[in-house]
Amino acid sequence: MSHVVTESCCNDASCVYACPVNCIHPTPDEADYHTAEMLYIDPAACVDCGACVAACPVGAIKPHTELDDSRQVFLSVNAEFYREPRSRPLLAPFVPPLTVSTRHAPLRVAIVGSGPAGMYTAEELLTVADVRVDLFERLDAPYGLARFGVAPDHREVRKILRLFDRIRDDPRVRVLCGVEIGRDRTYADLAATYDAVVYAVGAVGRRLDIPGSASAGVASAPDFAAWYNGHPALKNRVFDLWHPRVVIIGNGNVALDVARILVTDPERLASTSISPYALDTLRRSGVEEVVVVGRRGPADAVYTLAELIGLQSNSEVDFVVAAEELAREQRPDARVELLRKVSARSEPSRGDRPRRIVLRHHLSPTRITHTGQISHVEFRRTGPTAAEQVESISAGLILTAIGHHGRSVAGLPFDHAAGVVPNEHGRVVDPAHRRIVTGTYVVGWIKRGPTGFIGTNKTCAQETVRALIDDYNAGKLTGAARELTV
Ligand SMILES: Cc1cc2nc3c(=O)[nH]c(=O)nc-3n(C[C@H](O)[C@H](O)[C@H](O)COP(=O)(O)OP(=O)(O)OC[C@H]3O[C@@H](n4cnc5c(N)ncnc54)[C@H](O)[C@@H]3O)c2cc1C
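In this text the structure is predicted, and so the values were computed from the model without any measurement.

What follows concerns the overall build of the protein chain. The helix and strand tally for the protein chain stands at 17 helices and 22 strands. The globule rule puts the C-alpha radius of gyration for 486 residues at 23 Å, and the 24 Å found for the protein chain is close to it. By its C-alpha atoms, the protein chain is 70 × 55 × 45 Å across when sized along the principal axes. When burial is assessed residue by residue, the protein chain has 55% of its 486 residues classed as buried. Within the protein chain, residue pairs in contact and separated by at least 24 positions form 74% of the contacts whose partners lie at least 6 positions apart. Once the 55 positive and 58 negative side-chain charges of the protein chain are each reduced to a mean point, those two points are 3 Å apart.

Right, let's talk about the site of the ligand for a bit. The ligand sits among 30 residues. The nearest are Glu-137, Leu-145, Ile-181, Trp-445 and Ile-454. Interatomic distance of 3.0 Å between a backbone N/O atom of Trp-445 and an oxygen atom of the ligand. Protein chains bury 91% of the 1000 Å² of accessible surface belonging to the ligand in isolation. Among the secondary structure elements, those contributing two or more residues to the shell around the ligand are helix H4 (116-125), strand E6 (131-137) and helix H5 (144-148).

Attention now moves to the sheet that holds strand E15 (residues 363-371). Taken in spatial order, the three strands make up an open sheet running E15-E16-E17, and their pairing is antiparallel. Lying at the two open borders of the sheet, with one neighbouring strand each, are E15 and strand E17 (390-395). Between one strand axis and the next, the sheet turns by 25° as a mean value, whatever way the strands run. Here six bridges tie strand E16 (residues 374-381) to E17, and the two strands are oriented antiparallel to one another. Within the sheet, the bridge partner assigned to His-376 lies in E17 and is Ser-394.

Strand E12 (residues 289-293) sits mainly inside the fold: five of its five residues count as buried. Residues Glu-289, Val-291 and Val-293 point to one face of E12 and Val-290 and Val-292 to the other, with burial holding for every one of them. Examined bridge by bridge, strand E11 (residues 245-249) and E12 share five bridges and lie parallel to one another. Bridging from a neighbouring strand, Arg-245 pairs with Glu-289 of E12. Judged from the five bridges that link them, E12 and strand E14 (residues 356-360) form a sheet pairing that is parallel. Looking across to E14, one finds that Val-292 is bridged to Leu-359.

Estimates place the volume of the second largest pocket at around 660 Å³. Grouping the amino acids of the lining of the second largest pocket by side-chain chemistry returns 11 nonpolar, one polar and 10 charged. Summarising the domain contributions, the lining of the second largest pocket has at least three residues from each of domain 1 (3-81) and domain 3 (206-404).

In this structure, Phe-164, Tyr-228, Ile-248, Leu-399 and Leu-468 are the most contacted members of the largest nonpolar core, which totals 113 residues. The residues contacting Leu-468, other than those within four sequence positions of it, are Leu-107, Val-109, Leu-125, Ala-196, Val-198, Tyr-441 and Leu-477.

Between helix H9 (residues 221-228) and helix H10 (residues 253-263), the least distance of the axes is 10 Å, while the angle of their chain directions is 50°. Here H10 runs oblique to H9, going by the angle between their axes. The handedness of the crossing between H9 and H10 is left-handed. On H10, the residues touching Ala-221, Pro-222, Phe-224, Ala-225 and Tyr-228 of H9 are Val-254, Asp-257, Val-258, Ile-261 and Leu-262. The residue inventory of the contact of H9 with H10, partitioned by class, reads nine nonpolar, no polar and one charged.

Backbone hydrogen bonds are what pair the strands of a sheet, in a parallel or an antiparallel way. Here six strands make up an open sheet; going across it, the order is E10-E18-E11-E12-E14-E13 and the pairing parallel. For this open sheet the edge positions go to strand E10 (218-220) and strand E13 (318-321), each flanked by a neighbour on one side alone. Averaged over all pairs of adjacent strands, the angle between their axes in this sheet comes to 20°, without regard to strand direction. On top of the sheet, H9 reaches E10 and strand E18 (397-400); it is set at about 75° to E10, its chief contact.

The next thing to look at is the domain arrangement of the protein chain. The domain boundaries assigned to the protein chain delineate domain 1 (3-81), domain 2 (107-203 + 406-481) and domain 3 (206-404). Taking only C-alpha atoms, the centre of domain 2 and the centre of domain 3 are 33 Å apart. Listed per partner, the contact involves 15 residues of domain 2 and 20 residues of domain 3. Across the domain 2 to domain 3 interface the summed buried area is about 1400 Å²; carbon plus sulfur atoms make up 58%. The largest share of the area that domain 2 buries against domain 3 comes from Phe-148, Pro-152 and Asp-153, three residues that together contribute 41% of it. Inspection of the region where domain 2 meets domain 3 yields one salt bridge. Counting every contact that joins domain 2 to domain 3 gives eight residue pairs in polar contact (both at pLDDT 80 or more). Counting only elements with at least two residues in the side of domain 2 that touches domain 3, the list comes to H5 and helix H6 (155-158). A class-by-class count of the residues in the side of domain 2 that touches domain 3 yields nine nonpolar, two polar and four charged.

The rules behind the values
- Along each chain, the written sequence defines residue order, and numbers are assigned to residues from 1.
- Whole-chain, interface and lining totals are the exception, using all residues; otherwise, since this is a predicted model, local features are given only for residues with pLDDT of at least 70 and side-chain atom pairs are given and counted only at 80 or more.
- In computing side-chain values, all of the structure's heavy atoms are included and hydrogens and water are not.
- A run of H or I in DSSP becomes a helix once it reaches four residues, and a run of E becomes a strand once it reaches two; helices and strands are each numbered from the N terminus.
- As defined in this context, the radius of gyration uses C-alpha atoms, and a globule is described by 2.2 Å times the residue total to the power 0.38.
- Throughout this description, buried means an accessible area under 20% of the type-specific maximum (1.4 Å probe, protein chains only), exposed means over 50%, and partly exposed covers the range between.
- We call two residues in contact whenever any of their non-hydrogen atoms come within 4.5 Å of each other.
- By the counting rule applied here, Lys and Arg register as positive and Asp and Glu as negative, while His and the ends of each chain are not counted.
- To locate a charge, the coordinates of NZ of Lys, CZ of Arg, CG of Asp or CD of Glu are taken.
- One heavy atom within 4 Å of a molecule or strand is enough for the residue carrying it to be called near that molecule or strand.
- Here a polar contact is recorded for every N or O atom pair within 3.5 Å, except that within protein the pair must consist of a potential hydrogen donor and a potential acceptor, and residues adjacent in sequence are included only if both atoms are side-chain atoms.
- In these tables, accessible area is a Shrake-Rupley quantity obtained with a 1.4 Å probe, and a residue counts as shielded only by the protein chains included in the view.
- Paired strands are those between which DSSP finds at least two bridges.
- Angles shown run from 0 to 180 degrees and are taken between the N-to-C directions of axes, each axis being a line fitted to C-alpha atoms and, for helices, limited to the stretch in contact.
- Cavities and pockets were defined on a 1 Å grid built from protein atoms only: a cavity is a group of points that admits a 1.4 Å probe but offers it no way out, a pocket is an open group of points flanked by protein on both sides within 12 Å along at least five of seven lines, and a lining residue is one with an atom within 4 Å of any such point.
- Grid points are joined across faces, edges and corners, and a volume is the space filled by probe spheres set on the points.
- Under the grouping applied here, Gly and all other residues not named as nonpolar or charged are polar, the nonpolar ones being Ala, Val, Leu, Ile, Met, Phe, Trp, Tyr, Cys and Pro and the charged ones Asp, Glu, Lys and Arg.
- Just so you know, the domain bounds were taken from an automatic or database domain assignment.
- What makes a nonpolar core is a set of buried Ala, Val, Leu, Ile, Met, Phe, Trp, Tyr and Cys residues whose side-chain atoms join them at distances within 4.5 Å.
- Roughly parallel refers to an angle under 35 degrees, roughly antiparallel to one over 145, roughly perpendicular to one between 65 and 115, and oblique to any angle outside these ranges.
- Each helix crossing is assigned a hand: it is left-handed if the near helix lies turned anticlockwise from the far helix by less than a right angle, otherwise right-handed if that turn is clockwise.
- Two parts placed together each lose some accessible area; with a 1.4 Å probe, that loss summed over both constitutes the buried area.
- When a carboxyl oxygen of Asp or Glu is within 4 Å of a side-chain nitrogen of Lys or Arg, the pair counts as a salt bridge.

Here it is in structure tokens:
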């Protein structure tokens, strides 16, 4: 048998390059890498050498003999990916090492933002010997959403922080926390001081824009996640969990993370990195039911199969899916198949368990009203058989998990529709004058939009750093060749 990739896969592809027989796919040079929910080991090709285990920064790869009951399903999840024959070379792709051919050393780079994109950019730059990297972070603590987004009970995924610590501790790197570029220092400051500036500023949670959505009782799920992860700007925020129901609008992985935290026994969370004030609030919580609502059908949900497997295998939590909503779903989808199994078994057990997660579909929110402290979300039914029907769900707290969107960076061009800084392979482009803004780069969510996983930022950083080093070698980042303003 073989090794198996499990739910905490972060797609950083370190395993791909470590594998001597090229049995982990999709690889970053394959078209489906950018849409893959995780990477998969081909059980027929794996030679069980374990090289991938050491390479994985989040402990996602296990020998099949070490899979516990809840993870046995990943044997078939991995194998299923290879059901259709896949043409591939004998060896994994080779990434040529970066070399600096000019000698204006050291190369001085400023990185704005210390989330995964910023940290992977620093890691990539450190492959060049004579380099100095300063990371500017507006918060008092580094690592962005890897620290303040990833759920505290996702212990394996949070191991990525150890990798970032190792990068931070390199003597060629300085992480300068509490410095916001645009407030404490300007773009022009950085451009004048460094050979290159890389923006890795991420994106912010989208706000729901319907009547009543700005009122008390409505909050963003990413803010709620940041709160339970101890984000400095949210630690004094009060999330009142007195009512038995919370509604989450949106059904991606963030929605499922937040739902899981709300219904998990707080004593199980006590040994995680959850902030003490959030644990205290959860211990006093009256929440019994979290309703996660999606606009479209179950096959259109944004959460991944791996996230769903993790959630439904929690034996303490009841997991309810409306059978009639599943019956209407005709498209083949591994998540829907799993939901059908869950739905079949959930009805009889419902009474035994105090807390549950309810998945609802085909409901589009239209307005939120309030009666005292209780909020009522009005939904319009959508979908193939929906007549013009309205449904209202009441709750003490409404959380919105409807994705992220980039914010403009002072001094840089910005594509407001896409929420990204226009760029070519990471080089910032000024579309008005159709020219490259020399010495200025982007990486991560502000470069490609808020998609992918933590490790997707590694390949993204490799592309940006390669462009930067090419420009450096071409003599574009020094002296008169530099344009300091847009
Ligand atoms: C709630 C949540 C949970 C998630 N969980 C997972 C998970 O379990 N597994 C997974 O693979 N992916 C997860 N993700 C996705 C993952 O976190 C992102 O892919 C990744 O963080 C994006 O990296 P980034 O560096 O572009 O942005 P960010 O992580 O947002 O980092 C941007 C950084 O820039 C800083 N910054 C912004 N502006 C400035 C400025 N002007 N000056 C200085 N600093 C600035 C910010 O403070 C922040 O630290 C999650 C995302 C969310 C929202």
